[in-house]
Amino acid sequence: MNEINTDFSNEELERLFTLSMRIFGDYRDPNRGPFAMLYIFSETVDNFDSSLIKTVELANVGLAKSIGICGKEETSGFPGFDWTSERLYKLGLKRDVPIVRIYLEESLNTRSEAIALISHVRTLHGDVGIIAPAFHLVRAFMTTVSVVAGIPLHVFAIPGIPLSWGENVVHSQGVLRNTRLGLINDELTRIGKYQAPEFGSLCNAQNVLSYLEWRDS
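What counts and what doesn't
- Residues numbered from 1 in each chain as written.
- Predicted model: local features only at pLDDT ≥ 70, side-chain atom pairs only at ≥ 80, totals over all residues.
- Heavy atoms only, no water.
- Helix = DSSP H or I, 4+ residues; strand = E, 2+ residues; numbered from the N terminus.
- Rg over C-alpha atoms; globule rule 2.2 N^0.38 Å.
- Buried < 20%, exposed > 50% of the residue type's maximum accessible area, 1.4 Å probe, protein only.
- Lys, Arg positive; Asp, Glu negative; His and termini not counted.
- Charge placed at Lys NZ, Arg CZ, Asp CG, Glu CD.
- Pairing = 2+ DSSP bridges.
- Right-handed = clockwise from strand over helix to strand, strands pointing away.
- Contact = heavy atoms within 4.5 Å.
- Axes fitted to C-alpha atoms, helices over the stretch in contact; angles between N-to-C directions.
- Salt bridge = Lys/Arg side-chain N within 4 Å of Asp/Glu carboxyl O.
- Phe/Tyr/Trp six-rings, centres within 6.5 Å; stacked < 30°, edge-to-face > 60°.
- Lys NZ or Arg CZ within 6 Å of the ring centre and 35° of its normal.

**Examining the overall build of the protein chain**
Phase 1 of the analysis: Per the secondary structure count, the protein chain includes seven helices and seven strands.
Phase 2 of the analysis: In sequence order, the secondary structure elements of the protein chain are arranged as α-β-α-β-α-β-α-β-α-β-β-β-α-α.
Phase 3 of the analysis: Radius of gyration (C-alpha) of the protein chain: 16 Å, near the 17 Å computed for a compact globule of 217 residues.
Phase 4 of the analysis: Taking the principal axes of its C-alpha atoms as reference, the protein chain extends roughly 50 × 40 × 30 Å.
Phase 5 of the analysis: Taken across its 217 residues, the protein chain has 48% of its residues classed as buried.
Phase 6 of the analysis: Distance between charge centroids for the protein chain: 5 Å, based on 20 positive and 26 negative side chains.

Structure follows, in structure tokens:
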């Protein structure tokens, strides 16, 4: 079994655990109507179906006005906009759901995706859902909230469908190889590391919990 990251204080771990439960069980009142956009955070082919299948499930029952995908072509383990779009259709996505290319000015990573997403959706009327596999969802949501930074935008977390935790897969930048269970420790390490100003000033768990209290108030 992989050793779990212990760089967090007990108080920080407690808040991160609380936040994780809020994220995995994020609730959105159905009366709010469909999402203005469901954004699919980029993944490697090994992990992408988790998010893509969930996106198809939601979009095909009318819960999304549009679907956002990173606009880059194949790079850093991401199979590209065209591949992702076609994969959605192969998984059964209805052709009347618009797929939007979200352009990135920087190299592809979770933060650059969140920046591009928020830049695109800040003028949309309605809520935004972000979708990622379970092992990546907490960091993806924390990163997105960090970028929102005072913009009155309601962002909701949506976990992709479950995939085998014991399967060896390729993840970050197309080079990190581990089981999906093993990737959790890497995610925790990154959450701690990226909170430093030189790595992007990722919001800590308490700040994201405060955002959720504002969003749901």
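**Some details on the pairing of strand β3 (residues 99-102)**
Phase 1 of the analysis: Pairing of strand β2 (residues 67-70) with β3, which is carried by four bridges, proceeds in the parallel orientation. Counterpart to I69 in the pairing with β3 is R101.
Phase 2 of the analysis: Handedness of the crossover joining β2 and β3 through helix α3 (residues 81-90): right-handed.

**Re the side chain of T143**
Phase 1 of the analysis: On the secondary structure map, T143 appears in helix α5 (residues 134-148).
Phase 2 of the analysis: Setting aside residues up to four positions removed in sequence, T143 forms contacts with T110, R111, A114 and L202.

**Remarks on the sheet that holds strand β1 (residues 37-40)**
Phase 1 of the analysis: Spatial strand order, β3-β2-β1-β4-β5: five strands in an open sheet with parallel pairing. Two strands close off the open sheet at either side, each with one partner strand: β3 and β5 (155-159). Taking the axes of each pair of neighbouring strands and ignoring which way they run, one obtains an average angle of 30 degrees across the sheet.
Phase 2 of the analysis: Strand direction decides the pairing type here: strand β4 (residues 128-132) and β5, joined by five bridges, are parallel. Among the inter-strand pairings, V128 is bridged to a residue of β5, identified as V155.
Phase 3 of the analysis: Against the sheet, helix α4 (residues 110-121) contacts β1, β2, β3 and β4, and its axis sits at roughly 165 degrees relative to β1.

**Overview of the pattern of salt bridges**
Phase 1 of the analysis: A complete count under the given rule lists 14 salt bridges for this structure.
Phase 2 of the analysis: Across the pair R15 and E11 runs a salt bridge, and its minimum N-O distance is 3.0 Å. Note that R15 and E11 are positioned in helix α1 (residues 10-24) at a spacing of four residues, about one turn of the helix.
Phase 3 of the analysis: Here D49 and R87 are joined by a salt bridge, their closest N and O atoms 2.6 Å apart. Of this pair, D49 sits in helix α2 (residues 45-59) while R87 sits in helix α3, and the two are 38 residues apart along the sequence.
Phase 4 of the analysis: The class of R87 is partly exposed, set by a relative accessible area of 25%.
Phase 5 of the analysis: Residues joined in a network through salt bridges with shared partners are R22, D26, E213, R215 and D216.

**As for the packing of aromatic side chains**
Phase 1 of the analysis: With the rule as written, the count across this model stands at six aromatic pairs.
Phase 2 of the analysis: Judged by centre distance (6.1 Å) and plane angle (65 degrees), the ring pair of F48 and F78 falls under edge-to-face. Residue F48 is found in helix α2, and its partner F78 is found in the loop between β2 and α3; the two are separated by 30 residues along the sequence. Each member of the pair, F48 as well as F78, is classed as buried.
Phase 3 of the analysis: Look at Y211 and W214: their rings are 5.6 Å apart centre to centre, the planes differ by 40 degrees, and that puts the pair in the tilted class. Pair noted here: Y211 and W214 are both in helix α7 (residues 205-215), with a separation of three residues, about one helical turn.
Phase 4 of the analysis: Grouped by ring-pair contacts, the aromatic residues F48, F78 and W83 constitute a single cluster.
Phase 5 of the analysis: Cation over ring: R28 sits above F156, and NZ or CZ is 5.7 Å from the ring centre.

Treat this as a map of the structure, not an account of what it does.
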